[in-house]
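# Chain and residue survey
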Amino acid sequence: MNKGKKLYEGKAKILYEGPEKGTAIQHFKDDATAFNNQKKTIVEGKGVLNNRISEHILNNLNQIGIKTHLIKRLNMREQLVRLVSIYPVEFIVRNIATGSLTKKLGIPDGTILSKPLIEYSYKNDELGDPLIAREHILEFSWIPQAVHLDMINDYCFRINDFMQGMFRAVGIKLVDFKLEFGTVNINGKTEILLADEISPDTCRLWDVISEKKLDKDRFRKDLGNIIQAYQE
Ligand code: UDP
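What comes next is a walk through the structure.

About the criteria used
Residues numbered from 1 in each chain as written. Predicted model: local features only at pLDDT ≥ 70, side-chain atom pairs only at ≥ 80, totals over all residues. Heavy atoms only, no water. Helix = DSSP H or I, 4+ residues; strand = E, 2+ residues; numbered from the N terminus. Polar contact = N/O pair within 3.5 Å; in protein donor to acceptor, adjacent residues only side chain to side chain. Contact = heavy atoms within 4.5 Å. Phe/Tyr/Trp six-rings, centres within 6.5 Å; stacked < 30°, edge-to-face > 60°. Lys NZ or Arg CZ within 6 Å of the ring centre and 35° of its normal. Pairing = 2+ DSSP bridges. Axes fitted to C-alpha atoms, helices over the stretch in contact; angles between N-to-C directions. Salt bridge = Lys/Arg side-chain N within 4 Å of Asp/Glu carboxyl O. Buried < 20%, exposed > 50% of the residue type's maximum accessible area, 1.4 Å probe, protein only. Core = buried A, V, L, I, M, F, W, Y, C linked by side-chain atoms within 4.5 Å. Patch = residues over 30% accessible without salt bridge, like charges linked within 9 Å, V, L, I, M, F, W, Y side chains within 5 Å. Areas by Shrake-Rupley, 256 points an atom, 1.4 Å probe, with all protein chains shown as cover.

### Side note on the side chain of Q26
Counting through the fold element by element, Q26 comes out in strand 3 (residues 23-28). A polar side-chain atom of Q26 sits 3.4 Å from the main-chain carbonyl oxygen of D196. The residues touching Q26, leaving out its near neighbours within four places in the chain, are K13, I14, L15, H69, R77, E78, Q79, V81 and D196.

Structure follows, in structure tokens:
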């Protein structure tokens, strides 16, 4: 499939114009970055795995009625997706306290939360994606309509329920993850779609028995064997 011009290059992916209006081609790179781009390397084969893993999860979410940007996987590194206008908000869903939650608030690492916790951060590299409140999102119209924010919160819980079950079934705990959403306009009506990717780059995944980390923390914390963990 012919790619159009490059629309955007991020840390782990490149977005090209797609073959038809309203479509794009999402290319998964092998670049790994952490701590707001301060730590970087190439992990050979990571893009291929994330492409497959994200395809699998988004296809399954489609089947339970969560609309996503994914149209189809094209090849080892590329997906055909719908071009959405991304809300500048990251939705972090947590089941177990770790990472920034433990650092910011002093909550002991590994604390099981009584119910899933949704946090928001403002997508802005210069500001280091700061943690924000629902009120900031509405005040600054990052998501202009409260009803849309409520819908996205509901999607986050449904996605979490589904993914927790899916990972549990293969002996993996879903600790936390990040989601991004965007909109498309269909006949004047705004439709919200899950976008970006869901992969070990955007989730924390621990082996149920050994608690071995099977996600990007292997890179962040120099634990090695990144590819083996992603394959697992
Ligand atoms: N996350 C992500 N992209 C980001 C920030 C966070 O994919 O820009 C994911 C991260 O991989 C983890 C979850 O969101 O699964 C929660 O991350 P946290 O807030 O603990 O931040 P971190 O410790 O990664 O700085």
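### Points about the packing of aromatic side chains
The tally for this structure, following the rule as stated, stands at five aromatic pairs. Both rings, one in F140 and one in W142, keep their centres 5.3 Å apart while their planes meet at 45°; by these two values the pair is tilted. Grouped by ring-pair contacts, the aromatic residues F91, Y120, Y155 and F181 constitute a single cluster. Here the basic side chain of K3 rests over the ring of Y16, its NZ or CZ set 5.0 Å away from the ring centre. Directly above the ring of F219 sits K39, whose terminal nitrogen or CZ lies 5.1 Å from the centroid.

### Details of the sheet that holds strand 7 (residues 78-82)
One open sheet holds the five strands; their spatial order is 1-2-3-7-6, and the pairing between them is antiparallel. Of all the strands in the sheet, the pair left with one neighbour each is strand 1 (6-9) and strand 6 (70-73). Averaged over all adjacent pairs, the angle separating strand axes in this sheet is 25°, with direction ignored. As judged from the five bridges shared by strand 2 (residues 13-17) and strand 3, these two strands associate in the antiparallel manner. The partner of E17 across the bridge, within strand 3, is A24. Across the sheet, helix 1 (residues 46-63) lies against strand 3, strand 6 and strand 7, angled at about 135° from strand 6, the strand it touches most.

### Observations regarding the pattern of salt bridges
Tallied over the entire structure, the rule returns 23 salt bridges. One salt bridge connects E9 with K6, and the closest N-O pair in it is separated by 2.6 Å. A residue is classified by how much of its surface remains accessible, and K6, at 45% relative accessible area, is partly exposed. Residues participating in the shared-partner salt-bridge network are K13, K123, K178, E180, D196 and E197.

### Structural notes on the nonpolar core
Counting residues in each nonpolar core, the largest one holds 47 residues, and the members touching the most others are F91, I159, M163, L179, F181, L194 and I198. For this core, the leading source of residues is helix 4 (residues 146-168), giving eight residues. Those residues within four positions of L179 in sequence are excluded, and the remaining contacts are V89, E90, F91, C156, I159, L194 and I198.

### Considering a nonpolar patch on the surface
A cluster of nonpolar side chains, L7, Y8 and L83, forms an exposed patch at the surface whose accessible area comes to about 280 Å². Looking at the secondary structure, you find L83 in the loop between strand 7 and strand 8 (85-86). Its relative accessible area of 36% is what places L83 among the partly exposed residues.

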